[in-house]
Amino acid sequence: MSRAVVILPTYNEEGNIRSVIEGVFAQAGKKPSWDLHILVVESTSQDRTDEIVTGLQKNYKKLHILRTKKEGLGKAYIRGFEYALNILNADIIFQMDADLSHEPAKIPAFLSLIESGADFVIGSRYTKGGSIPENWDFHRKLFSVLGNWIIRIGFMNMKITDWTSGFRAIRAPLIRNIIAKVDNFSGYVFQVAILDNALKNGATVKELPIQFKDRKEGKSKIDSIEYIIQTLLYVFLESSFVKFVLVGGTGFLLDSIILYILALKLHFPPWFAKLISAETVIISNFTLNNFWSFSHKQLDLRWKTYFRGLLKFNIVSSGNIFIQTIGISVMTYLFGKSNIILYNALIIILLVIPYSYFFYNKFIWKDSR
Ligand code: GDD
Ligand code: MN
């Protein structure tokens, strides 16, 4: 029998915790091949949460409690993961809110997807059939929806619709592989970090529609401002994007240096100097992107694959030159030549960067999944 451990992080959930625990254990019989346990990670609640859980342990042998300092949701999960892996010998670990926002009745469906081969199942509010509460006010809906779009575009992963969901089932070996990488993310951004690392690890991720319910008792512990800043920062630093822009910048420098030496010092014909500098930059950008910006999707080093990648990179780069030529012609035709440097910068920022990032992700360094 495989063991599933449902982690319920709690901070002041006295009004909810009993129903959640009873609801989860009520699912146990529905999947007879799974041994279902609960691990409450209790972080110094000021109310009766701890007392209620301790009381319930008399009825439920498979109810465990881990007491930790209050260091944020992410830290509570990391401590819980360690305990579930090393002490409870979990095969599957669930992440679930302890405020009745997540319906225990979904647990069997998560396990079925795991049985069918998924490593990481997301209870998704934004996939077909999923939902967020109707009564959420506009700004809450906006943040949640917009946040997910920013993450999807930053990581160029349109397949996953809900990156921030807190209802998930994950295979234990996958967590073992990535736990060290998410150790620093103590707040709610942890949710994004663990999914990103799972994907970079090659995990098979599936989404299961869920209907997120508004909590009725107690209140949310999320610090929206901190959460938004940390999430934006995460996407900025951990997606390939910043590295990709830096590589573009070094390419520009290299191009200028080679052009200067060949055309001005060695007196090559300008067209020939430019041809060499441009292709050198293409090769160097391709190599840097392959081993750095997109290292988690690295092309293998067989001569054929590498050369095909380089060929594709040349094709995308030609498209780039085309966009810049047309762009500059249109802008100068409309507004005259005097601001050509500004137009050039605008074209690079608004067209070239998005165009290249999109095609590098979708054409050259594709997701193998
Ligand atoms: N142990 C512990 N320590 N538990 C915590 C802490 C903490 O520092 N902070 C929050 N929790 C517990 C809460 O008691 C609750 O059971 C669960 O974590 C979720 O916290 P909420 O405060 O209810 O989160 P939310 O409803 O605002 O956020 C939900 O949506 C987010 C995405 O928009 C959650 O599902 C998040 O996980 C999710 O990222
Ligand atoms: Mn909640």
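Residues numbered from 1 in each chain as written. Chains lettered and ligands numbered in written order. Predicted model: local features only at pLDDT ≥ 70, side-chain atom pairs only at ≥ 80, totals over all residues. Heavy atoms only, no water.

What to know about the site of ligand 1
Moving on, step 1. Lining the immediate surroundings of ligand 1 are 23 residues, of which Glu-13, Ser-43, Asp-97, Ser-220 and Lys-221 lie closest.
Moving on, step 2. One of the backbone nitrogen or oxygen atoms of Val-41 is found 3.0 Å away from a nitrogen atom of ligand 1.
Moving on, step 3. With respect to ligand 1, the side chain of Ser-220 contributes an N or O atom lying 2.5 Å from an oxygen atom.
Moving on, step 4. Compared with its free state, where it exposes 740 Å², ligand 1 has 96% of that area covered by protein.
Moving on, step 5. One can see that ligand 1 is located within the largest pocket.
Moving on, step 6. At the level of elements, strand E1 (2-10) and helix H3 (73-86) are the ones that each hand at least two residues to the shell around ligand 1. (Near = heavy atom within 4 Å. Polar contact = N/O pair within 3.5 Å; in protein donor to acceptor, adjacent residues only side chain to side chain. Areas by Shrake-Rupley, 256 points an atom, 1.4 Å probe, with all protein chains shown as cover. 1 Å grid on protein atoms, 1.4 Å probe; cavity = no way out; pocket = protein on both sides within 12 Å on 5 of 7 lines; lining within 4 Å. Sits in = over half its atoms within 2 Å of the grid points. Helix = DSSP H or I, 4+ residues; strand = E, 2+ residues; numbered from the N terminus.)

Some details on the domain arrangement of the protein chain
Moving on, step 1. When its domains are assigned, the protein chain resolves into domain 1 (2-237) and domain 2 (240-364).
Moving on, step 2. Centre-to-centre separation of domain 1 and domain 2, based on C-alpha positions: 42 Å.
Moving on, step 3. At the junction of the two partners, domain 1 supplies six residues and domain 2 supplies six residues.
Moving on, step 4. Here domain 1 packs against domain 2, burying approximately 640 Å² in sum over the two surfaces, 65% of which is carbon and sulfur.
Moving on, step 5. Among the residues of domain 1 in contact with domain 2, Met-156, Lys-200 and Phe-236 are the three that bury the most area, contributing 72% of the side total.
Moving on, step 6. Linking domain 1 with domain 2 are zero salt bridges.
Moving on, step 7. For the pair domain 1 and domain 2, the interface holds two residue pairs in polar contact (both at pLDDT 80 or more). (Domains from an automatic or database assignment. Contact = heavy atoms within 4.5 Å. Buried area = accessible area lost by both parts, 1.4 Å probe. Salt bridge = Lys/Arg side-chain N within 4 Å of Asp/Glu carboxyl O.)

Some remarks on the layout of surface pockets
Moving on, step 1. As a volume, the largest pocket reaches approximately 1,200 Å³.
Moving on, step 2. Together, 49 residues line the largest pocket, and Arg-140, Tyr-188, Ser-220, Ile-222 and Tyr-227 are the ones closest to its centre.
Moving on, step 3. Secondary structure elements with two or more residues in the lining of the largest pocket: E1, H3, helix H5 (138-154) and helix H8 (224-238).
Moving on, step 4. Counting residues per element, the lining of the largest pocket draws most heavily on H5, which supplies nine residues.
Moving on, step 5. Within the lining of the largest pocket, the residues separate by chemical class into 16 nonpolar, 19 polar and 14 charged.
Moving on, step 6. Estimates place the volume of the second largest pocket at around 990 Å³.
Moving on, step 7. Counting residues per element, the ones that place at least two in the lining of the second largest pocket are helix H9 (241-265), helix H10 (270-293), helix H11 (303-335) and helix H12 (340-364).
Moving on, step 8. Considered class by class, the residues forming the lining of the second largest pocket number 14 nonpolar, twelve polar and three charged. (Points joined across faces, edges and corners; volume = space filled by probe spheres on them. Nonpolar A, V, L, I, M, F, W, Y, C, P; charged D, E, K, R; others polar.)

Considering a nonpolar patch on the surface
Moving on, step 1. Where nonpolar side chains cluster on the molecular surface, the patch consists of Phe-322, Ile-326, Val-330, Tyr-333, Leu-334 and Phe-335 and spans about 710 Å² of accessible area.
Moving on, step 2. Turning to its location among the elements, Tyr-333 is positioned in helix H11. (Patch = residues over 30% accessible without salt bridge, like charges linked within 9 Å, V, L, I, M, F, W, Y side chains within 5 Å.)

What about the packing of aromatic side chains?
Moving on, step 1. Under the counting rule described, the total for this entry stands at 31 aromatic pairs.
Moving on, step 2. Residues Tyr-360 and Trp-365 carry aromatic rings whose centres are separated by 5.8 Å and whose planes lie at 80 degrees to one another, so their mutual orientation is edge-to-face. Across the pair, exposure class does not vary: Tyr-360 and Trp-365 are buried alike.
Moving on, step 3. One aromatic cluster is present, formed by Phe-241, Phe-244, Phe-286, Phe-291, Phe-294, Tyr-306, Phe-313, Tyr-357, Tyr-360 and Trp-365 through successive ring pairs. (Phe/Tyr/Trp six-rings, centres within 6.5 Å; stacked < 30°, edge-to-face > 60°. Buried < 20%, exposed > 50% of the residue type's maximum accessible area, 1.4 Å probe, protein only.)

Considering the packing of H5 against H8
Moving on, step 1. The contact between H5 and H8 brings their axes to 9 Å, and the two run at 15 degrees. When the interaxial angle is binned, H5 and H8 end up roughly parallel. The two elements H5 and H8 cross, and the hand of that crossing is left-handed. Counting all contacts with H5, which are made through Phe-143, Ile-150, Ile-151 and Gly-154, the residues of H8 involved are Ile-228, Thr-231, Leu-232 and Val-235.
Moving on, step 2. Here the residues of the contact of H5 with H8 are counted per class, giving six nonpolar, two polar and no charged. (Axes fitted to C-alpha atoms, helices over the stretch in contact; angles between N-to-C directions. Parallel < 35°, antiparallel > 145°, perpendicular 65-115°, else oblique. Left-handed = near helix turned anticlockwise from the far one by under 90°.)

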